[in-house]
Each structure stands twice: as structure tokens, then as C-alpha cells.
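Topology and contacts: notes
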2 protein chains.
Amino acid sequence: MSLDEFGLIERIRRRAGVRADVALGIGDDAALLQMPPGQQLVVTADTLNSGVHFPAETPPADIGWKALAVNLSDLAAMGAAPAWCTLSLSLPEASPTWVDAFADGFFELADLHDMALIGGDTTRGPLSISITAMGHVPTGEALRRDGAQPGDDVWVTGVPGEAGVALALWQQQRLEVSGPASDAALEHLRCRLARPTPRLAAGWALRGLATAAIDISDGLLADLGHICERSQVAAEVLEDELPMSQMAAQAGEAALFRTLRASAGDDYELCFTAPASVRGQVIESMASVAVPVTRIGCIRTGSGVRRVDGEGAVLPASRRGFDHFPAEGRSTGL
Amino acid sequence: MSLDEFGLIERIRRRAGVRADVALGIGDDAALLQMPPGQQLVVTADTLNSGVHFPAETPPADIGWKALAVNLSDLAAMGAAPAWCTLSLSLPEASPTWVDAFADGFFELADLHDMALIGGDTTRGPLSISITAMGHVPTGEALRRDGAQPGDDVWVTGVPGEAGVALALWQQQRLEVSGPASDAALEHLRCRLARPTPRLAAGWALRGLATAAIDISDGLLADLGHICERSQVAAEVLEDELPMSQMAAQAGEAALFRTLRASAGDDYELCFTAPASVRGQVIESMASVAVPVTRIGCIRTGSGVRRVDGEGAVLPASRRGFDHFPAEGRSTGL
């Protein structure tokens, strides 16, 4: 079944959230938005392509969720409050069923975070979703990548590596992404890949505490490396302190998880640094938003990221994540 | 020649413009931007796909220019000052030559309008360019589509239809888009298609004068129809008052131009309405920014757009523009 453009647009437009600060939403040449005083505008853009950033058989609702989640995750890593987004949707065919299901996942997450869709377009072409997400943060309070200091602790939220396990199991044809897995542990892992949780509340709670932050999209070591590069420092990660996945263990994949947890991307947890003097406050603030947090290392002078084992021996560098444009076709941020 | 992601990103990043209001640009999880006080944020997003929105053989510099121009044109139609943009670039291969040429056109136009690139990503895939453009306008002064009043004049800037002539000549294999035409008039027409001029200065000058405005992307009648729909009014367009193209005449294409001028899109001129009482001010304000302007009709009560000839007879409705998603694959705005 095909669909004229009016019907397709209407299906999306009528589900766009309402916010008091949207003076003019979808339907004019551009949207008009009211910025709160004393805040800086925070803007990020990410594209997901079918077969590159998600398996082609991924349910459209999961695609809608994830396309927005990766953008919200960038706002989380800045400590920003989400507000508005644009959506450019390229579709091979104008299927109302597909669009409705995509919108189910997209707006489920958008509504959770009071994010209003304020513009964009639909185009015919290979399935691709480009989102620009906007939010705001009190002036000067954003979490950046360039503030890590020697002596800071390195922290991580949640359990990075679970999405990587799900991806590996899918690649080995041991996990379907097209629907729920029968096993509860496997289903947990599948959801970590299909429906990542952007850590927005954690980002806000870390304002004034974290010296630097990033979301983990390329892999823990690679993304911590970005902090080190921008902050001109080195980091030491204690292999034995990395969070273990109970769900991976329950699914019999503890060994696979261990090989992936430092390098796998797609979890969208936050990695951040904070002075050792606020260690207690970090733990309290993360508890207040019910986000698990683990101290995994420290910042040193120098450059680069080193993994060390329990005896302090340096482990071989792990493969970097997904930033090899021609080889793997992942998107790379500007 | 392929290119690692770092080189590709660096080629674009190092050419991004600098603005004092960019507190943090490309290179973190998101950009941090300082909104001027007393202004509303204006946001628009448009995607161009190869073979759909431009012929595949279009030179990359022209693609870079046009992808930004169509977004700037939306800001112009709001009366907004451009400020920042994100760029999501999908490329079949990582060619530095292509990227450099694309950036030549993109930044030529961006620098003209002091527009800073502040984020985005590069992805492997069919050639596609998604841009979200941001600007600002004094609160309450934006030009919207919904303010046209019965009795208002209808105006148009420039000479809509010239881009349509160029497109028709290309479709008839009488004009190359891959480089300059030898004939000066044909080259003028080709440039109208390849490098449209966003009417930003005209948009600013119309603040406080125009009651409604839109940029002409779908065709003059179709876009004026959008104003009528949003303003709940009708419009009457005087066929004989529509601007004639001297360049189309010089190229021997006066007849073709006449058949296209009311319906062809892609010119990105502004169509706007203003009270008859400010007719002189409209002419003066457009003269002050050196933008040709023509009064082409008036707003009535009722609905829809009518074309009338010199004797007042209603002409048959012309085909609408490019808004038929499945049939022609044009993008359609949310």
C-alpha cells in the first residue's frame, strides 16, 4: 500500500509532542522556539542507516526508539535537558504500517523526555534516519570532554558491553533482533541493543561534579580516549573493576561479555571523570537517580588509555570500536 | 582513493566558520551555543538526495551550495538571521576530492551568511545531504504563513520559473548541469537551478511589513496555496503581472518559461503578502536590499488560489509542484 505525502506527514505530525516553549511547530517554513533565559543551546546530530547501524530486520518501533536514543544520549553526555528535534526520514516506500510502528517507538521515547518534534522531511530512498536534537543547559554548566584532570577518578554508568554481546550473538545467528527472545536474559541483552536508555537524569545529576563526560557509542576505551585527547591527559582503566553483566552470565555468555566490555559500542552509557574528593557525592547523586555507577580507573598525566590487570600489568590494547568509515560504514561525528 | 574517517572529518571540520556565539563547536558530544536575548530560535531541516533533488551529474560544489541554500531559504522566509547548522552527509565512497569540492560550495554560501557548521556526521550510503539550520528572530517578529488578510497584496521576489526552465532543458538534454553553459543566458538559467540565492536580506527587510511569507520550493501557486490554507483566505494571481524572464527570452525559451513560471519549484524566491497601505514601503525596503519585487495579486476571503488573465477570466489550475511522495520521490516537509 502506498500513501500520498499528506497522509504520511499527517501520521507523524499529529503525534508530535506539545511544549509551551514551541511558539510555532510543524507546518510553517521553520519552527519558532523560546529559549529559557540563562541557558545555552545544546545541539547534536546523528544518522542511522539500515544495515549499517541496525540490522535490516530490526522492528520499526525499535528503529524509531534507537534513532532518537542515540541523539538523546549525546544531550545526556552534555548534562543537557532535551527540548526539540528535527527528523529527516528516508524511506524505500511510503508504508503507513511501517511509519506508524516507527512513530510508536520514536514518540514513546520522545514523550518520556518531553521532546517535541518540530520539523524535518520525508524522502524516498534507502532507509535512513537523520535526527538533530536540541536541548539546553545552564550557561557554563555543560559537561564537556576537555575538563579531565590528573588524579580524577574514571566512572561508568550501567554495564557497558551488553549491547555488544547481543550484536555478536545476532552475528552468530544465535539471537533474533526481529522480536522478543524467549529467554529472559537474552531478551534483556537484545533490548540493550535495540532500545538503549539515554542517561539523561544521570547527566543532569553530574553537573557540577563531573569534570568531563562522554557517551559510549564507539566503545569504552575508544570513548575514554576521546576524553583523554581533548583533555590532554592519560587514563588507566582497571580491567578487574569493569562491571560484570549478570544477564550475560545468566545467558552463559560471561566469557563473550569479558572480551567485549571494553571495546563494544552501542550501549550509550556515560563514561565520566570526577575529582576523588567528590567520590561520595558521585555515588549519592547516581543513587538519587537510580543509575548504577562504577569507578573503573583514574586519570594520569600523559596521553592514551591503558588497561591494567589486578597486578598492575598493562594489557594489550583492544581493537577500537566502529570508527573506520570505509571499512565498516559506521557514521562518524563531525 | 579512500580516506580514513579522521581525514574525512578533518577536511570538513577545519573549514567550519567561527562565530563568537559558538561556545563549543565540533568535537564534543554536542555543540554549545549562546542565544542572543530577546530572540526566538528558528529551526528548519531539509534533505537533498542524489537523482531526486538534483541530477546525479551535478558538480559537488553546486550540491554543497544548494543543500545549504534550501535551508537558508526557509530561514529567509521566516525573516530570521542565520547562525548555525548541522550536516549529515551520506556518501557512497570517501573521496577527498569530492568532499573538498562539496565543502567549497557549502562553505562559500555559509561564509557569505556567517553560518557556522556546529555538528553532524558522515555515513557510507547513497549520496544524501541532511541539514538542520538554526537562526534567530526578534520575539514575535517572525514572518509566518498564517497572517495573510483579505485585501492584502501578494508579492514575489525575483523571477520564479527560471530554475524550472533550466530543469526542463536538462530533461530535454538541451542543457548540461555538469558545468557552465557556453551561452550566457543559458548559464544564468543553469545557475538559478544549481545555485539558488536564499533571500535572507529580503526576509529581514520584510519584518513588520509582510503579513505572511513562504519560500517558493514547490511552485508559486502551490506555495501561495500553503499561505492561503494556513491563513484561511483565498488568493487571486494576475497571470499578466507575473515577472517575465529576460534571460529565458534571450535563450529563446520565453514560451517554455510562461508555461512553467506559476508551477515550477526550486527557485527559492519569496512569496509574501502585505497590506495595500504599505505598498510604497515594500517597494522601498526591497530596493534597499537590491531585491527585485513584483506585485502579482491580492488576498480575498474564501479558499484556494485562482489565476486570472488580463480580462479577469479564471485560467485552469496548473499542475501542483513536487509534493507527490511515491510518484516523484521529492522530499516533503513535516
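How each quantity is defined
Residues numbered from 1 in each chain as written. Chains lettered and ligands numbered in written order. Predicted model: local features only at pLDDT ≥ 70, side-chain atom pairs only at ≥ 80, totals over all residues. Heavy atoms only, no water. Contact = heavy atoms within 4.5 Å. Polar contact = N/O pair within 3.5 Å; in protein donor to acceptor, adjacent residues only side chain to side chain. Helix = DSSP H or I, 4+ residues; strand = E, 2+ residues; numbered from the N terminus. Nonpolar A, V, L, I, M, F, W, Y, C, P; charged D, E, K, R; others polar. Pairing = 2+ DSSP bridges. Buried < 20%, exposed > 50% of the residue type's maximum accessible area, 1.4 Å probe, protein only. Axes fitted to C-alpha atoms, helices over the stretch in contact; angles between N-to-C directions. Salt bridge = Lys/Arg side-chain N within 4 Å of Asp/Glu carboxyl O. Least-squares fit on C-alpha atoms with pLDDT ≥ 70 in both.

To continue, consider the interface of chain B and chain A. Interface size is often expressed as the accessible area that is lost when the parts come together. On the side of chain A, 75 residues touch chain B, which itself brings 73 residues to the contact. The interface formed by chain B and chain A contains 25 residue pairs in polar contact (both at pLDDT 80 or more). With 10 residues, strand β3 (residues 39–49) of chain B is the single largest residue contributor to the side of chain B that touches chain A. Looking at the side of chain B that touches chain A, its residues break down into 35 nonpolar, 23 polar and 15 charged. Pairing between strand β2 (residues 31–33) of chain A and β3(B): 3 bridges, direction antiparallel. Paired with A:Leu32 across the strands is B:Val42, a residue of β3(B).

Moving on, we get to unusual backbone geometry. Residue and element names in this part refer to chain A. Located in the positive-phi region is glutamine 173, a residue other than glycine, with phi close to 60 degrees. Here glutamine 173 falls in the exposed class, since its relative accessible area comes to 74%. At tyrosine 268, a residue that is not glycine, the phi angle is positive and equals roughly 60 degrees. If you trace the backbone, tyrosine 268 turns up in the loop between α9 (254–260) and β10 (270–274).

The strands making up a sheet associate through backbone hydrogen bonding, with each pair oriented either parallel or antiparallel. Residues and elements named next belong to chain B. Strand order in this open sheet of 7 strands is β8-β10-β7-β11-β9-β12-β13, and the pairing throughout is mixed. Edge positions in the open sheet fall to β8 (212–215) and β13 (314–315), since each of these has one partner strand only. Here 5 bridges tie strand β9 (residues 234–238) to strand β12 (residues 304–308), and the two strands are oriented parallel to one another. Counterpart to alanine 235 in the pairing with β12 is valine 305. Here helix α7 (residues 220–231) sits on the sheet and contacts β7 (153–157), β8, β9, β10 (270–274), β11 (293–300) and β12; the angle it forms with β8, its principal contact strand, is near 145 degrees. Those strands touched by helix α10 (residues 279–288) are β7, β10 and β11, and its axis lies near 10 degrees from that of β7.

Looking now at the pattern of salt bridges. Under the definition given, this model contains 44 salt bridges over all chains. With its nearest N and O atoms 3.6 Å apart, the salt bridge here joins B:Arg261 to B:Glu239. On the criterion of sequence distance, the pair formed by B:Arg261 in the loop between α9 (254–260) and β10 and B:Glu239 in the loop between β9 and α8 (246–250) is long-range, its members being 22 residues apart. Comparing B:Arg261 with B:Glu239 shows no difference in burial state: the two are buried. Ionic contacts of the salt-bridge type, sharing partners, join the residues A:Asp62, A:Glu108, A:Glu187, A:Arg190 and A:Arg195 into one network.

Take the relation of the copies chain B and chain A next. Note on the copies: chain B fits chain A at an RMSD of 0.0 Å, the axial shift is 0.0 Å, and the rotation between them is 180 degrees. Here the copies are linked by what is in effect a two-fold axis. Comparing interface residues between copies, 100% of those in chain B also lie at the interface in chain A; the contact surface is shared.

Next up on the list: the pairing of strand β6 (residues 128–138) of chain B. Residues and elements named next belong to chain B. In terms of burial, β6 is largely enclosed, as 11 of its 11 residues are buried. Of the two faces of β6, the one carrying Ser128, Ser130, Thr132, Met134, His136 and Pro138 and the one carrying Ile129, Ile131, Ala133, Gly135 and Val137 are both buried. Note: β3 against β6, 11 bridges, orientation antiparallel. By the bridge assignment for β6, valine 43 is matched with methionine 134. Here 9 bridges tie strand β4 (residues 81–91) to β6, and the two strands are oriented antiparallel to one another. Note that in β6 the partner of cysteine 85 across the bridge is alanine 133.

Shape descriptors only; they carry no functional weight alone.
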